[in-house]
Amino acid sequence: MLEILGTLASNALSLPGILGLGIGMMTRQPYLAGSLGGLVGMLEAMIFSGFSLAQIGALELTFSVLVGIAAGMIGCMIRRKGVKV
Amino acid sequence: MNNRQDKRNRLSRLWDWFWSPSTQFSVGFTLISGFLIGILFWGGFHWTIEASNSEEFCVSCHSMETNLGEYRQTVHYYNHSGVRAVCSDCHVPKEWDHKMKAKAIAVKDVFYELIGSIDTREKYEARRIDMAKTVWKKMRATDSRECRNCHAFEYMDFTIQETRASSEHQRGIDEGITCIGCHQGVAHKLPPNWLEEYEKLKNPVSATRPGRLWVDALANAGTHQSYSIGSPAE
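Summary of the structure given here. (Residues numbered from 1 in each chain as written. Chains lettered and ligands numbered in written order. Predicted model: local features only at pLDDT ≥ 70, side-chain atom pairs only at ≥ 80, totals over all residues. Heavy atoms only, no water.)

1. Structural notes on the overall build of chain A
In step 1: When its secondary structure is counted, chain A shows four helices and zero strands.
In step 2: Taken from the N to the C terminus, the helices and strands of chain A come in the order α-α-α-α.
In step 3: Its C-alpha atoms give chain A a radius of gyration of 13 Å, near enough to 12 Å, the size a compact globule of 85 residues would have.
In step 4: Overall size of chain A, expressed as C-alpha extent along the three principal axes, is 45 × 25 × 15 Å.
In step 5: Counting every position in chain A, which comprises 85 residues, the buried fraction comes to 38%.
In step 6: Residue pairs at least 24 apart in sequence account for 77% of intrachain contacts in chain A once pairs closer than 6 positions are excluded.
In step 7: Summed over its atoms, the accessible surface of chain A is roughly 4500 Å², and 77% of this surface lies on carbon and sulfur atoms. (Helix = DSSP H or I, 4+ residues; strand = E, 2+ residues; numbered from the N terminus. Rg over C-alpha atoms; globule rule 2.2 N^0.38 Å. Buried < 20%, exposed > 50% of the residue type's maximum accessible area, 1.4 Å probe, protein only. Contact = heavy atoms within 4.5 Å. Areas by Shrake-Rupley, 256 points an atom, 1.4 Å probe, with all protein chains shown as cover.)

As structure tokens, this is what we get:
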């Protein structure tokens, strides 16, 4: 459980959480925002494994993509709520 | 009643103000101030993370006094060269993603400090083997990543090492044995039954309760393993 919570928190403070949120704020379409966030999550897993697919941990990849999707969606919600025009 | 309603109104007005367009500030002003506040927050965040890596911070809890006393008697604290390894050098990874994960997991230590799970000598000794096993397991799964921040086979001069040390290090390279495979208890005392427990760690399937297997499998899958746990080499 600690591994899972730790992985979630580290991803929220890394690229998927921060860049995912930022990219999500660039669109009003939640699906696009989620997809882009998920892509950022995949990218992060690739970067931290030194672009070696064999080195990517299943847990890390799953959680970075999930956090990316969630951050993208939240970013999209902020865009919809915060931009009036 | 009125007071509560007032407070709720204030909160709802604040919420509306937060999401309403700015009429006083230009786009440039908002961007520049957001950028500056961002730097301030990010700098503060990093400063806090680094502060929590200091030895003073680690041993500021009462529970860590036993740890500190033991560590002060080891070569990692006091040695001929004066180079030291503090708590975070061995327990906190240097890479950003692993570091953040370790910091998030370390929040549990605050909880355990608050409930006093190791605040007496007796409680500490009762839990010593569990704490040691947690670290051993992590070290084995990461190929002793934190040891390798300072120690590397590539830069070891085997000719100036003691005969036994150099032959064992050579065996380590040949058989893929990780640092913790031999160097248990380098900074803290070992519990009486440590060897038996370490052997169990090397064969996790026979030593693990069936219900925990999936948790362990998931946790191990999350680490960048460079060798398999319990390999015949060890």
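2. Thoughts on helix α1 (residues 2-12) of chain A
In step 1: All of the buried residues in α1(A) are Ile4(A), Gly6(A), Thr7(A), Ser10(A) and Asn11(A). The buried side chains of α1(A) occupy one side of the element, clustering within an arc of 165° when seen end-on. (Arc of directions from axis to C-beta.)

3. What about a nonpolar patch on the surface?
All names here are of chain A.
In step 1: The grouping of Leu-15, Leu-19, Leu-43, Ile-47, Phe-48 and Phe-51 at the surface amounts to a nonpolar patch, some 510 Å² of accessible area in total.
In step 2: Breaking the nonpolar patch down by element, the ones donating at least two residues are α2 (15-24) and α3 (30-48).
In step 3: The element that contributes the greatest number of residues to the nonpolar patch is α3, accounting for three residues.
In step 4: Tracing the chain through its elements places Phe-51 in the loop between α3 and α4 (58-82).
In step 5: For Phe-51, a relative accessible area of 55% translates into the label exposed. (Patch = residues over 30% accessible without salt bridge, like charges linked within 9 Å, V, L, I, M, F, W, Y side chains within 5 Å. Salt bridge = Lys/Arg side-chain N within 4 Å of Asp/Glu carboxyl O.)

4. Regarding unusual backbone geometry
In step 1: In this model, Phe51(A) sits at a positive phi of 55°, which is unusual for a non-glycine residue.
In step 2: If you check the backbone angles, Ser144(B) has positive phi at about 50° while not being a glycine.
In step 3: The residue Ser144(B) is located in the loop between α8 (121-141) and α9 (163-175) in this model.

5. What to know about the state of the cysteines
In step 1: Counting across every chain of the model gives zero disulfides over all chains.
In step 2: Cys147(B) carries a free sulfur, and the closest cysteine sulfur to it, the one in Cys179(B), is 4.4 Å from it. (Disulfide = S-S within 2.5 Å.)

6. Considerations on the interface of chain B and chain A
In step 1: In this complex, chain B contributes 20 residues to the contact, which on the side of chain A involves 22 residues.
In step 2: Interface area for chain B against chain A, summed over the two sides, is near 1800 Å², with a carbon-plus-sulfur share of 69%.
In step 3: If you look at where chain B meets chain A, you find two salt bridges.
In step 4: The residue Lys101(B) makes a salt bridge to Glu60(A) at a minimum N-O spacing of 3.3 Å.
In step 5: Connecting chain B to chain A are four residue pairs in polar contact (both at pLDDT 80 or more).
In step 6: Top element by residues in the side of chain B that touches chain A is helix α6 (residues 96-105) of chain B. It accounts for six residues.
In step 7: Here the side of chain B that touches chain A is composed, by residue class, of 13 nonpolar, four polar and three charged. (Buried area = accessible area lost by both parts, 1.4 Å probe. Polar contact = N/O pair within 3.5 Å; in protein donor to acceptor, adjacent residues only side chain to side chain. Nonpolar A, V, L, I, M, F, W, Y, C, P; charged D, E, K, R; others polar.)

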